[in-house]
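Structural characterization, general
If you want the building blocks of each chain, they are given just below.
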Amino acid sequence: MFIIISLAIIGALTVAYIIFDSFRSVIELIVSHLTPYFLPQDVQPLWKKYGNWAVITGSTDGIGKHYALELAQKSINIVLISRNTDKLKSAAEEIEKYGVKTKIIVADFSKGIEVYQHIEDELKDIPIGILVNNVGVQYEYPMPLCELPTAKAWEIINVNVVAVTTLTRMLLPAMVARGKGAVVNVSSGSELQPLPLMAVYAASKVYVRNFTQAIREEYSPLGIYVQHVSPLFVSTKMNNFSQRLIDGNLLVPDAATYAQSAVHLLGRVQNTTGYWLHGIQYFFIKLAPEPLRMRIGHHMNKDFRNEHFRNTKLKAQ
């Protein structure tokens, strides 16, 4: 009888933890939005809290560009890092309309470690208060591993894994010396389970999650805020394989809508999907066992793969 009661208690506690863990993102979103109304004295401007310069990678398109625009509206100067010079100049001009300074650094993260000395030299005299590791590379369309070109696999690893690691290692010491700073690592909902037909991409995002949580434990006592942002589908060019995702809907916001929400949460929660409807989706996704999530993800990617081939065939006609 004692054993049965003990197992029942353990089972109940396990279920309670799973529900709490799944619902945590929703709770954090609610708390972050209510905090300014109930504790306005605790909400400082981001430039005062962390510093008035931010570095944003992958900042000429999509979430990164709109993240930069949102921070600029909060009086934060922006360093934009991307590989396209013309796009960098265009984005800088748009950002400077908000009365802030910008600096552009041309760097192609897909080349690996060779690009970082140049970045470090360009940043050495700028007191960076916020680092947004946003740059990322996705599959061109869902495919099994043997179809994925080796060069593409290395590109995903260099951009999604090496960049977040190296830039954080580069800029963190100065933040620690000042006793303040923020590191924002943009991951993906694909981290929630192994993802067939996007195996390398999803695995790279698991790295981002684990890396972020570990350095938070190391450096939060030293005044460094480390945020893990895990968006679900957003209408950006990373999802060009699906016209449905590009068109967007209530659950698939455009980059501007997403970035506005995500920046609002900067400094308020440590783990977030960045967007309230994604938080609700996250809750229901986490309720399912991992093997079931993996099978559902596999089915979705098969559907996206078929859509890509249909659209490619139509364009060729």
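That block above? That's the structure.
Residues numbered from 1 in each chain as written. Predicted model: local features only at pLDDT ≥ 70, side-chain atom pairs only at ≥ 80, totals over all residues. Heavy atoms only, no water.

So, the pairing of strand E1 (residues 53–57)
For a regular strand, side-chain orientation follows a simple rule: the groups alternate between the two sheet faces. Across the 5 residues of E1, 5 count as buried, placing the element largely inside the fold. The alternating pattern of E1 places Trp 53, Val 55 and Thr 57 on one face and Ala 54 and Ile 56 on the opposite face, and all of these are buried. Where E1 and strand E2 (residues 77–82) come together, 5 bridges link them in parallel fashion. Residue pairing in the sheet places Ala 54 in a bridge with Ile 78 of E2. Relative to strand E4 (residues 130–133), E1 is paired through 3 bridges, and the arrangement is parallel. Paired with Val 55 across the two strands is Leu 131, which belongs to E4. (Buried < 20%, exposed > 50% of the residue type's maximum accessible area, 1.4 Å probe, protein only. Helix = DSSP H or I, 4+ residues; strand = E, 2+ residues; numbered from the N terminus. Pairing = 2+ DSSP bridges.)

Comments concerning the pattern of salt bridges
The full count for this structure, using the stated rule, is 9 salt bridges. The shortest N-O distance in the salt bridge between Lys 87 and Asp 61 comes to 3.2 Å. Note that Lys 87 is positioned in helix H4 (residues 85–96) and Asp 61 in the loop between E1 and helix H3 (62–72), a separation of 26 residues in sequence. Take Lys 87: its relative accessible area is 34%, and that puts it in the partly exposed class. On the basis of relative accessible area, Asp 61 is assigned to the partly exposed category, the value being 27%. In this structure, Lys 103 and Glu 122 form a salt bridge, with 2.9 Å as the shortest nitrogen-oxygen distance. With Lys 103 in strand E3 (residues 102–106) and Glu 122 in helix H5 (residues 116–123), this residue pair connects regions lying 19 residues apart in the sequence. Residue Glu 122 is classed as partly exposed on the basis of its relative accessible area of 29%. (Salt bridge = Lys/Arg side-chain N within 4 Å of Asp/Glu carboxyl O.)

Some remarks on the packing of aromatic side chains
A full pass over the atoms with the stated rule returns 7 aromatic pairs. Considering the side-chain rings of Tyr 50 and Tyr 225, the 5.8 Å spacing of their centres and the 25 degrees angle between planes classify their relative orientation as stacked. Residue Tyr 50 is located in the loop between helix H2 (46–49) and E1, and its partner Tyr 225 is located in strand E6 (residues 224–229); the two are separated by 175 residues in the primary sequence. In this structure an aromatic cluster arises from ring pairing among Phe 233, Phe 241 and Phe 304. (Phe/Tyr/Trp six-rings, centres within 6.5 Å; stacked < 30°, edge-to-face > 60°.)

A word on the environment of Val 184
Along the chain, Val 184 falls in strand E5 (residues 181–186). Separated by 20 residues in sequence, Val 184 and Val 164 have C-alpha atoms that sit 9.6 Å apart. In contact with Val 184, not counting residues within four places along its chain, are Tyr 67, Leu 131, Val 132, Asn 133, Gln 227, Val 229 and Leu 266. (Contact = heavy atoms within 4.5 Å.)

Describing empty space enclosed by the protein
Evaluated as defined, the whole model comprises 1 cavity of 30 Å³ or more. Contributing elements (two or more residues each) for the lining of the largest cavity: helix H6 (150–178) and helix H7 (199–219). Considering every element that reaches the lining of the largest cavity, the biggest residue donor is H6, with 4 residues. (1 Å grid on protein atoms, 1.4 Å probe; cavity = no way out; pocket = protein on both sides within 12 Å on 5 of 7 lines; lining within 4 Å. Points joined across faces, edges and corners; volume = space filled by probe spheres on them.)

Here's the deal with H6
With 29 residues, H6 extends 42 Å between its outermost C-alpha atoms, agreeing within 8% with the 42 Å of an ideal straight helix rising 1.5 Å per residue. At Val 162, H6 is bent by approximately 40 degrees, the largest bend along its length. Of the residues one or two after H6, Gly 179 is the one with positive phi, at around 80 degrees. (Expected span 1.5 Å × (residues − 1). Bend = angle between axes of the 7 residues up to and from the residue.)

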